[in-house]
Amino acid sequence: MNRAIDVGLVACHCCGLLAGFSLTARQHAMKCQRCQAQLHQRIPDSLQKTWALVVTSAILYIPANLLPIMTVKQFGSGQAHTIMGGILELLDHSLYPIAILVFIASFLVPLLKIIGIILLLISVQQHWSFSRKERVLLFRLIEFVGRWSMLDIFMIALLTALVSLGQIAEIEAGQGATAFAAVVILTILAAKSFDTRLIWDHD
């Protein structure tokens, strides 16, 4: 199976237009004839950038789960909740569907995204020649889920803005929310910097 690079073609990242890309042109910056974006046969330093982003997100994933993500205050006194603490409290109140939803969205999905991106990076660096279509599907799933990963942060921001009744009731975002937001943003950027065409490259 021939690749576009094998026949001297390159696709624009912005508009998708195919353009000729000669060997001598590699030393010079080429721009797309339609949208004027710079053309690259492969995203420069794709693996290094993706590794840096995903490792940073993996490190921040720890404080995102250990630090309080939200503090609910009632009549001047409040209790800080971590992600798992909030899930356990939901289970104590027999709110099983909501607890499962929060567990999947706030704990499981970010972890699986990090593992999935690391798996893609290792597969490219180790030149795996099998399951290429499955790996592309995995990337598309990671990219799709990334669009909904900020839902928790949006909910906390909304509650913080709406529930502000002074000494009666108040909700404050914790340091865990900042770390969680950073994890989400970094994994989105990691998926953006990963060049899926590397999966199809030969050894």
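Our subject is the structure listed above.
This structure is a prediction, so every number in the text was calculated from the model and none was measured.

1. With respect to the side chain of Ser57
Step number 1: Note on placement: Ser57 falls in helix H1 (residues 46-66).
Step number 2: Ser57 gets classed as buried once you look at its relative accessible area, which sits at 0%.

2. Focus on the packing of aromatic side chains
Step number 1: Within this structure, the stated rule accounts for 4 aromatic pairs.
Step number 2: On the basis of an interplanar angle of 45° and a centroid distance of 6.1 Å, the ring pair of Tyr61 and Phe107 is categorised as tilted. On the criterion of sequence distance, the pair formed by Tyr61 in helix H1 and Phe107 in helix H3 (residues 96-125) is long-range, its members being 46 residues apart.
Step number 3: Exposure remark for Tyr61: the relative accessible area of 10% places this residue in the buried category.
Step number 4: With relative accessibility at 21%, the residue Phe107 sits in the partly exposed group.

3. Things to note about the side chain of Thr187
Step number 1: Mapped onto the elements of the fold, Thr187 is located in helix H6 (residues 175-193).
Step number 2: Thr187 gets classed as buried once you look at its relative accessible area, which sits at 2%.
Step number 3: Here the side chain of Thr187 touches Val183 through a polar contact of 2.9 Å, landing on its backbone oxygen.
Step number 4: The residues touching Thr187, leaving out its near neighbours within four places in the chain, are Ser57, Lys113, Ile114 and Ile117.

4. Quick notes on the pattern of salt bridges
Step number 1: A complete count under the given rule lists 2 salt bridges for this structure.
Step number 2: In this structure, the salt-bridge partner of Arg42 is Asp201, at a minimum N-O distance of 2.7 Å. Taken together, the positions of Arg42 in the loop between strand E4 (38-39) and H1 and Asp201 in the segment after H6 put the pair 159 residues apart, joining distant regions of the chain.
Step number 3: Where Asp195 meets Arg197, a salt bridge forms, and the shortest distance between an N and an O atom there is 3.0 Å. For the pair formed by Asp195 and Arg197, the shared burial category is buried.

5. Notes on a nonpolar patch on the surface
Step number 1: A cluster of nonpolar residues, Leu88, Leu91, Tyr96, Ile100 and Ile104, forms a patch on the protein surface that exposes about 460 Å² of accessible area.
Step number 2: When residues of the nonpolar patch are traced back to their parent elements, those giving at least two are helix H2 (83-92) and H3.
Step number 3: With 3 residues, H3 is the single largest residue contributor to the nonpolar patch.
Step number 4: Note on Ile104: relative accessible area 38%, which makes it partly exposed.

6. Overview of helix H4 (residues 132-146)
Within an α-helix, residues lying three or four positions from one another point in the same direction, as the helix has 3.6 residues per turn.
Step number 1: Counted at 1.5 Å a residue, the expected span for H4 with its 15 residues is 21 Å, and the 21 Å between its end C-alpha atoms agrees.
Step number 2: Buried residues of H4: Arg135, Val136, Phe139, Ile142 and Gly146, and no others. Relative to the axis of H4, the buried residues are bounded by an arc of 120° and lie together on one face. Facing away from the buried side of H4 by more than 90 degrees, the exposed set consists of Lys133, Glu134, Leu137 and Arg140.
Step number 3: In this structure, the buried side of H4 is in contact with H3 and H6.

7. Here we look at unusual backbone geometry
Step number 1: If you check the backbone angles, Asp45 has positive phi at about 55° while not being a glycine.
Step number 2: Locating Asp45 in the fold gives a position in the loop between E4 and H1.

8. Brief notes about the environment of Ile122
Step number 1: Summarising the element assignment, Ile122 is placed in helix H3.
Step number 2: It is 9.6 Å that separates the C-alpha atoms of Ile122 and Leu47, two residues lying 75 residues apart in sequence.
Step number 3: Residues within four places of Ile122 in sequence aside, it is in contact with Trp51 and Trp128.

9. Remarks on the packing of H3 against H6
Step number 1: Viewed as axis vectors pointing N to C, H3 and H6 meet at an angle of 35°, and their least axial separation amounts to 11 Å. Helix-helix and strand crossings are classified by hand; for H3 and H6 the assignment is left-handed. For the pair H3 and H6, contact is made by Ala105, Ser106, Pro110, Lys113, Ile114 and Ile117 and by Phe180, Val183, Val184, Thr187, Ile188, Ala190 and Ala191, respectively.
Step number 2: Among the residues making up the contact of H3 with H6, the classes are represented as 10 nonpolar, 2 polar and 1 charged.

Reading the values: the criteria
- Residues numbered from 1 in each chain as written.
- Predicted model: local features only at pLDDT ≥ 70, side-chain atom pairs only at ≥ 80, totals over all residues.
- Heavy atoms only, no water.
- Helix = DSSP H or I, 4+ residues; strand = E, 2+ residues; numbered from the N terminus.
- Buried < 20%, exposed > 50% of the residue type's maximum accessible area, 1.4 Å probe, protein only.
- Phe/Tyr/Trp six-rings, centres within 6.5 Å; stacked < 30°, edge-to-face > 60°.
- Polar contact = N/O pair within 3.5 Å; in protein donor to acceptor, adjacent residues only side chain to side chain.
- Contact = heavy atoms within 4.5 Å.
- Salt bridge = Lys/Arg side-chain N within 4 Å of Asp/Glu carboxyl O.
- Patch = residues over 30% accessible without salt bridge, like charges linked within 9 Å, V, L, I, M, F, W, Y side chains within 5 Å.
- Areas by Shrake-Rupley, 256 points an atom, 1.4 Å probe, with all protein chains shown as cover.
- Expected span 1.5 Å × (residues − 1).
- Arc of directions from axis to C-beta.
- Axes fitted to C-alpha atoms, helices over the stretch in contact; angles between N-to-C directions.
- Left-handed = near helix turned anticlockwise from the far one by under 90°.
- Nonpolar A, V, L, I, M, F, W, Y, C, P; charged D, E, K, R; others polar.

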